[in-house]
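As a plain string of letters, each chain reads:
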Amino acid sequence: MKPLENITVLDFSQFLSAPSAALKLADLGANVIKIERPDTGDICRTLYISNCVIDGDSSLFHAINRNKDGITIDLKDDSSKDLLHDLIKKADVMILNFRPGVAKHLGIDFDSVCKINPEIVYGDITGYGTSGPWKDLPGQDLLVQSLSGLAWLNGNANQPPMPFGLSIADMCAGQHLAQGILAGLIQSKTKKEPVYVQTNLLESILDLQFEVFTTYLNDGHQNPVRSTVNNANAYIDAPYGIYKTADGYIALAMVPIPYLGELIHCSELTKYTDPSLSDKRDEIKSILSKHLITKTTSHWLSLLEPADIWCADVYTWEKLLESDGFKELDMIQKVSRDNGTQLFTTRCPITIDGERFINEKAAPSLGANNANIILIN
């Protein structure tokens, strides 16, 4: 039995952030009902990140909305109110990510919902919160990354600010909302009261930076300084980074420079015996770069791994899929729609009592469960 079986979630959200929170709850056993507008549905259905379209919907939509049921309701149509209220009355959780004020306009804001269901856990994600000068700005991942300072941690010092190659703010906010909802469920069930769980993209992306941001706050507000050579962390000294080899790349984490020099037979590095080398970071990395490119990745790994040095090959997804370590994780699952459409995606990364949670249900087609719309008993 999965931990959240018998918990029903109404997912009114779209795009990535809040739907990813609903996905985590679904993977843990919750019955998640995705509620979309008729005709068009979640905009994410047509938000393509490649030319990969699966059964009429984007691969992005499939990835975020698997393991959910799907119905369509026109939230602006008064004739839908009775059905909507009936669903809310019998649900345990509601999830939204509307702009501030939209939920109230539709009559599904927290106060209105509490009158229908006084024990609801109400989860809400916004871009920048519900008050202040930024509350009405578009809560889009790239924009939030840019405002958060995160882009100044990536890339080399001679490059412009560089965002993550992932929708990292969306995904972090989804994880935080899921955590808050789980805590809210405990409070709701024990105290028999409604719980309002809120987060926003900016708070989540700042929390992601908590280590380095804390340093900034307590170190005289000194801005992070990226290395000009193979930067991987603006606050960590050499050799931390990814280096080109004769046939690929190698990643090196923390290791004393003289010891590294001995292991890879680079005499130039053995002279860096001063424990404080932050001002020599680029100099050391330049020497290391010129040395590592002379031999293959496997050669360097053969010297470093037996010495328990933190290092790794730099895999493509193709190479990752072929590796025994990845195969052991069994991270890929096949999901299917009722019409027979199948696709491969990742499974839930959480293991509980030795059980890995697998589910074969793909993302719903638009209105897939309208025929049996009264799903909550």
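Throughout what follows, the structure given in this document is the object of discussion. Nothing here was measured: the structure is a model prediction, and the numbers come from that model. (Residues numbered from 1 in each chain as written. Predicted model: local features only at pLDDT ≥ 70, side-chain atom pairs only at ≥ 80, totals over all residues. Heavy atoms only, no water.)

1. With respect to the sheet that holds strand E8 (residues 195-200)
To keep things clear, this is the line we draw: Paired strands, as defined in this entry, are two strands with at least two bridges between them according to DSSP. By the criteria applied, helices consist of DSSP H or I runs no shorter than four residues and strands consist of E runs no shorter than two, each listed in order from the N terminus. Axes here refer to lines fitted to C-alpha atoms; in helices the fit is confined to the stretch in contact. Angles between the N-to-C directions go from 0 to 180 degrees. A contact between two residues is defined here by any heavy atoms of the two lying within 4.5 Å.
In space, the 6 strands of this open sheet follow the order E5-E2-E1-E6-E7-E8, with parallel pairing throughout. Of all strands in the sheet, those with a lone pairing partner are strand E5 (69-72) and E8, marking the two edges. Across this sheet, the average inter-strand angle for adjacent strands is 20 degrees, counted without regard to direction. Judged from the 6 bridges that link them, strand E7 (residues 121-126) and E8 form a sheet pairing that is parallel. Counted as the bridge partner of Ile125 is Thr199 from E8. On top of the sheet, helix H1 (residues 17-27) reaches strand E1 (8-11), strand E2 (31-36), strand E6 (93-96) and E7; it is set at about 150 degrees to E6, its chief contact. Contacting E7 and E8, helix H8 (residues 201-208) crosses the sheet at an angle of about 70 degrees to E8.

2. Some thoughts on the pattern of salt bridges
Opposite charge on two side chains permits them to pair, given that their charged atoms come into close proximity. Here is the rule we go by: A pair is scored as a salt bridge if a Lys or Arg side-chain nitrogen falls within 4 Å of a carboxyl oxygen belonging to Asp or Glu.
Counting across every chain of the model gives 12 salt bridges. Shared partners join several salt bridges into a network, and the residues in it are Glu36, Arg45, Asp55, Asp57 and Arg337.

3. Some remarks on the layout of surface pockets
Rules: The method works on a 1 Å grid over the protein atoms by themselves. A cavity is a set of points holding a 1.4 Å probe that cannot get out, a pocket is an open set with protein on both sides within 12 Å along at least five of seven lines, and residues with an atom within 4 Å of a point line them. Grid points are joined across faces, edges and corners, and a volume is the space filled by probe spheres set on the points.
Looking at the second largest pocket, its volume works out to about 270 Å³. In terms of lining, the second largest pocket is formed by Leu150, Leu153, Asn154, Phe164, Leu208, Gln209, Glu211, Val212, Ala232, Asn233, Ala234 and Tyr235.

4. A closer look at unusual backbone geometry
To be explicit about the condition: Here's how the labels work: a residue is buried when its accessible area is under 20% of the maximum for its type, exposed when over 50%, partly exposed in between, all with a 1.4 Å probe on protein chains only.
A cis amide bond links Ala238 with the next residue in sequence, Pro239, at an omega value of 15 degrees. Phi at Asp39 is positive, roughly 75 degrees, even though this residue is not glycine. Assignment of secondary structure puts Asp39 in the loop between E2 and strand E3 (53-54). Residue Asp39 is classed as exposed on the basis of its relative accessible area, which comes to 76%. Positioned with a positive phi, Asp330 is a non-glycine residue whose angle comes to about 55 degrees. With respect to the element layout, Asp330 can be found in the loop between helix H14 (324-329) and strand E12 (332-336). For Asp330, a relative accessible area of 43% corresponds to the partly exposed category.

5. Details of the side chain of Arg337
Inclusion rule: Polar contacts here mean pairs of N or O atoms no more than 3.5 Å apart (in protein, one a potential hydrogen donor and the other a potential acceptor; neighbouring residues in sequence count only if both atoms are side-chain atoms).
In this structure, Arg337 sits in the loop between E12 and strand E13 (342-346). Residue class for Arg337 comes out buried when judged on its relative accessible area of 8%. Within polar-contact distance, the side chain of Arg337 engages the side chain of Asp55 at 2.9 Å. Among the polar contacts listed, one links the side chain of Arg337 to the side chain of Asp57, at a separation of 2.6 Å. If we skip the residues at most four places from it in the chain, Arg337 touches Arg45, Ile54, Asp55, Asp57, Phe61, His62, Ala362, Ala363, Pro364 and Ser365.

6. A closer look at the environment of Ser131
For Ser131, the location among the structural elements is in the loop between E7 and helix H6 (141-148). Overall, Ser131 belongs to the exposed group, its relative accessible area being 54%. Residues Ser131 and Pro100, 31 residues apart in the sequence, show an inter-C-alpha distance of 8.4 Å.

7. Considerations on the sheet that holds strand E10 (residues 249-252)
Strands pair in a sheet through their backbones, by hydrogen bonds, and they do so in one of two ways: parallel or antiparallel. Ordered by their spatial adjacency, 3 strands build an open sheet running E9-E10-E11, and the pairing between neighbours is antiparallel. A single partner strand is all that each edge strand has here, and the edge strands are strand E9 (241-244) and strand E11 (311-313). Between one strand and the next, the sheet's axes are offset by a mean angle of 25 degrees, whatever the strand orientation. Where E10 meets E11, 3 bridges bridge the pair, whose relative direction is antiparallel.

8. With respect to the nonpolar core
The following threshold applies: Nine residue types can take part in a nonpolar core, namely buried Ala, Val, Leu, Ile, Met, Phe, Trp, Tyr and Cys, and a core is a set of them joined through side-chain atoms within 4.5 Å.
With 36 residues, the main nonpolar core has Val9, Val93, Ile95, Leu177 and Ile181 as its most contacted residues. Listed by contribution, the elements that provide at least two residues to this core are H1, E6, E7, helix H7 (168-191), E8 and H8. Ranked by residue count, the leading element in this core is H7, at 8 residues. Setting aside residues no more than four positions away along its own chain, Ile181 makes contact with Leu25, Val93, Ile95, Val121, Gly123 and Val197.

Purely spatial values, then, with no claim about function.
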